[in-house]
Amino acid sequence: MADSKRNATLTIGEQSYDLPILSPTAGPDVLDIRKLYGQAGVFTYDPGFTSTASCDSTITFIDGDKGELLHRGYPIDQLAEKSHFLEVCYLLLYGELPSAAQLEDFEERVTMHTMIHEQMMYLFRGFRRDAHPMAIMVGVVGALSAFYHDSTDINDPWQREVASVRMIAKMPTIAAMAFKYTIGQPFVYPRNDIDYASNFLRMCFSVPTEDYQVNPILSRAMDRIFTLHADHEQNASTSTVRLASSSGANPFACIAAGIACLWGPAHGGANQACLEMLREIGTVDRIPEFIACAKDKNDPFRLMGFGHRVYKNFDPRAKVMKQSADEVLELLGVEDNPVLQVAKELEKQALADPYFSEKKLFPNVDFYSGIILEAMGFPTSMFTPIFAVSRTVGWISQWKEMIADPQLKIGRPRQLYAGDTFRDYVDMEKR
Ligand code: CMC
């Protein structure tokens, strides 16, 4: 926690109160209002947490105005270019880039946990075949706590470590199995002799009847998608994980809560919603019509894949994703894909429109990720599960940081009550 050397003064009526100003290592100063209610008897009001820091953290920093995203200080574009997902996982979890030996040991530990308990297969079979893979993931990940009792004691650092590695290792297996289940194909077991991203692609796309070779360019693109989504500081799903964990709930249950939150179209569900929107637009000549709807105050339609709560400049992840989309589509020989044509033209027209520039609405990471995933052969329903696989390390890192904090308190927001005041119960015959 940053030290306070300065105070702000809040005056309510005749009375003034000093509020310590905390200075972070980067980003705007923070007013410490923890004692405000005790001293002044007032709450602060900030639905959506637009001006409220809910914790202190050393993991990820975003400068929304500059369009900068740093993990433990390292910029995301450098990590996407020079690193790979498991190394970024290590960085997020432990705070530093690993040495070669540390990385080898970490990869070995993750690899040794990729299978799930065989009994869990029956859980999958309890779902309808047409279930959304996110619905399956919420259930199956929550159920991990029923299978791995030896890593649910949050007060034991060793169990926390095992639970963390287990979740990073098992999430691709669970997501791939959810996919296979919904398309009626046999589950494919993980392989420990190939890298994380290739293993995921193999579990999704191989069938027992044929050999399957993972294309290294697709595997690299998959790894990049994982890397770009790995963490994003106190977003809705991460805050959900933190809030759920603050009660002392076990980590598997908390990550299941994060997955549920991620599912929504304003968050992780946006990549699915974006591709569906691009398909609905269909041809470039219809773009102005959709832009007009997005600008119309009386129309709830929004351009999916545009805008961000924090980025008020280009989302740095979107730049890398766009480049990756070009590479993948070229490799697959589908550069003239109509969805991509619509996406490129939509981006151009929206960026040239004063509505979007004045409101600082730029393409976000989801604008291009769906195009890559579709080109790889994933149905839209798998886009958000893939986001969940990637974000698991962010959730886990933030969870570990929070549990290790001696100042941990249960999260318990206040409210501005706007309902009826006290009234006596009215008997049925008098209503
Ligand atoms: N299309 C049209 N108008 C928009 C859009 C959009 N995509 N996004 C925001 N606006 C307008 C909004 O109508 C509002 O206008 P006004 O000030 O006139 O009322 C203004 O911009 C500010 O919007 P807001 O809803 O107050 O902003 P927010 O920070 O609460 O919302 C957001 C951020 C991401 C939910 C929103 O931009 C959105 O719904 N975007 C589309 C969904 C999307 O792509 N989500 C993925 C986010 S990135 C991945 C992730 O982190 O999960």
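See above for the structure.
On a predicted model such as this, the values are computed, not experimentally measured, just so you know.

Draft legend 1. Up close: the packing of helix α12 (residues 270–281) against helix α15 (residues 338–351). Packing of α12 against α15 brings their axes to within 9 Å, and their N-to-C directions diverge by 95°. By the angle between their directions, the pair α12 and α15 is classed as roughly perpendicular. Residues Leu275, Met277, Leu278, Arg279 and Ile281 of α12 lie in contact with α15, whose contacting residues are Val339, Val342, Ala343 and Leu346. Here the residues of the contact of α12 with α15 are counted per class, giving eight nonpolar, no polar and one charged.

Draft legend 2. Representation of the packing of helix α14 (residues 316–331) against helix α17 (residues 366–376). Where α14 contacts α17, the axes come no closer than 8 Å and their chain directions differ by 25°. The angle between α14 and α17 falls in the class roughly parallel. Both α14 and α17 take part in a crossing whose hand is left-handed. Contacts between α14 and α17 pair Ala318, Met321, Lys322, Ser324, Ala325, Val328 and Leu329 from the former with Tyr368, Ser369, Ile371, Ile372 and Ala375 from the latter. A class-by-class count of the residues in the contact of α14 with α17 yields nine nonpolar, two polar and one charged.

Draft legend 3. Structural context of empty space enclosed by the protein. Summed over the entire model, instances satisfying the criterion amount to one cavity of 30 Å³ or more. Of the volumes computed, that of the largest cavity is approximately 50 Å³. For the largest cavity, the full set of lining residues is Met115, Ile116, Met121, Thr173, Met177, Phe187, Val188, Tyr189 and Pro190. Partitioned by chemical class, the residues of the lining of the largest cavity number eight nonpolar, one polar and no charged.

Draft legend 4. Looking closely at the packing of aromatic side chains. Inspection of every chain in the model, using the stated rule, returns 20 aromatic pairs. Seen in terms of ring centroids, Tyr37 and Phe43 are 4.8 Å apart; in terms of plane orientation they differ by 40°. Their pairing is tilted. A relative accessible area of 38% places Phe43 in the partly exposed class. Summarising the aromatic geometry, the rings of Phe367 and Tyr368 are spaced 5.1 Å apart at their centres and angled 80° between planes, so their arrangement reads as edge-to-face. The pair Phe367 / Tyr368 is uniform in exposure class, with both members buried. Through a chain of ring-to-ring contacts, the aromatic side chains of Phe85, Phe179, Tyr196, Phe200, Phe205, Phe226 and Phe378 assemble into a single cluster. Over the ring of Tyr181 we find Arg129, and its NZ or CZ is 4.1 Å from the ring centre. The ring centre of Tyr37 lies 5.0 Å from the NZ or CZ of Arg414, which sits over that ring.

Draft legend 5. Up close: the environment of Val339. One can find Val339 in helix α15. According to the relative accessible area criterion, Val339 is buried, its value standing at 11%. Taking the C-alpha atoms as reference, Val339 lies 9.5 Å from Glu280; in sequence the two are 59 residues apart. Val339 has contacts with Leu275, Leu278, Arg279, Ile371 and Glu374, leaving out every residue within four places of it along the chain.

Draft legend 6. Spotlight on helix α6 (residues 133–147). Taking 1.5 Å as the rise per residue, α6 with 15 residues should run 21 Å; its terminal C-alpha atoms sit 20 Å apart, in good agreement. Of the residues making up α6, those classed as buried are Pro133, Met134, Ile136, Met137, Val140, Val141, Ala143, Leu144 and Ser145. Among the structural elements, α5 (120–125), α7 (157–183), α11 (251–262) and α18 (383–403) are those in contact with the buried residues of α6.

Draft legend 7. Representation of the site of the ligand within the structure. Lining the immediate surroundings of the ligand are 20 residues, of which His267, Lys297, Leu303, Arg309 and Lys359 lie closest. Contact distances for the ligand include 2.9 Å between an oxygen atom and a backbone N or O atom of Gly305. Between the ligand and Tyr355 there is a distance of 3.0 Å, counted from a nitrogen atom to a side-chain nitrogen or oxygen. When the ligand is considered free in solution it has 950 Å² of accessible area, and contact with the protein chains removes 76% of it. Within the shell around the ligand, the residues separate by chemical class into nine nonpolar, six polar and five charged.

Draft legend 8. Spotlight on the pattern of salt bridges. For the structure on display, the rule yields 20 salt bridges. Of the charged contacts, one joins Asp29 and Arg6 as a salt bridge, the two residues approaching to 2.5 Å between their closest N and O atoms. Here Asp29 is found in the loop between β2 (15–22) and β3 (30–31), whereas its partner Arg6 is found in strand β1 (residues 4–12), with 23 residues between them in sequence. Close ionic contact of Asp150 with Arg166 constitutes a salt bridge, the shortest N to O distance being 2.8 Å.

Cut-offs and rules
Residues numbered from 1 in each chain as written. Predicted model: local features only at pLDDT ≥ 70, side-chain atom pairs only at ≥ 80, totals over all residues. Heavy atoms only, no water. Axes fitted to C-alpha atoms, helices over the stretch in contact; angles between N-to-C directions. Helix = DSSP H or I, 4+ residues; strand = E, 2+ residues; numbered from the N terminus. Parallel < 35°, antiparallel > 145°, perpendicular 65-115°, else oblique. Contact = heavy atoms within 4.5 Å. Nonpolar A, V, L, I, M, F, W, Y, C, P; charged D, E, K, R; others polar. Left-handed = near helix turned anticlockwise from the far one by under 90°. 1 Å grid on protein atoms, 1.4 Å probe; cavity = no way out; pocket = protein on both sides within 12 Å on 5 of 7 lines; lining within 4 Å. Points joined across faces, edges and corners; volume = space filled by probe spheres on them. Phe/Tyr/Trp six-rings, centres within 6.5 Å; stacked < 30°, edge-to-face > 60°. Buried < 20%, exposed > 50% of the residue type's maximum accessible area, 1.4 Å probe, protein only. Lys NZ or Arg CZ within 6 Å of the ring centre and 35° of its normal. Expected span 1.5 Å × (residues − 1). Near = heavy atom within 4 Å. Polar contact = N/O pair within 3.5 Å; in protein donor to acceptor, adjacent residues only side chain to side chain. Areas by Shrake-Rupley, 256 points an atom, 1.4 Å probe, with all protein chains shown as cover. Salt bridge = Lys/Arg side-chain N within 4 Å of Asp/Glu carboxyl O.

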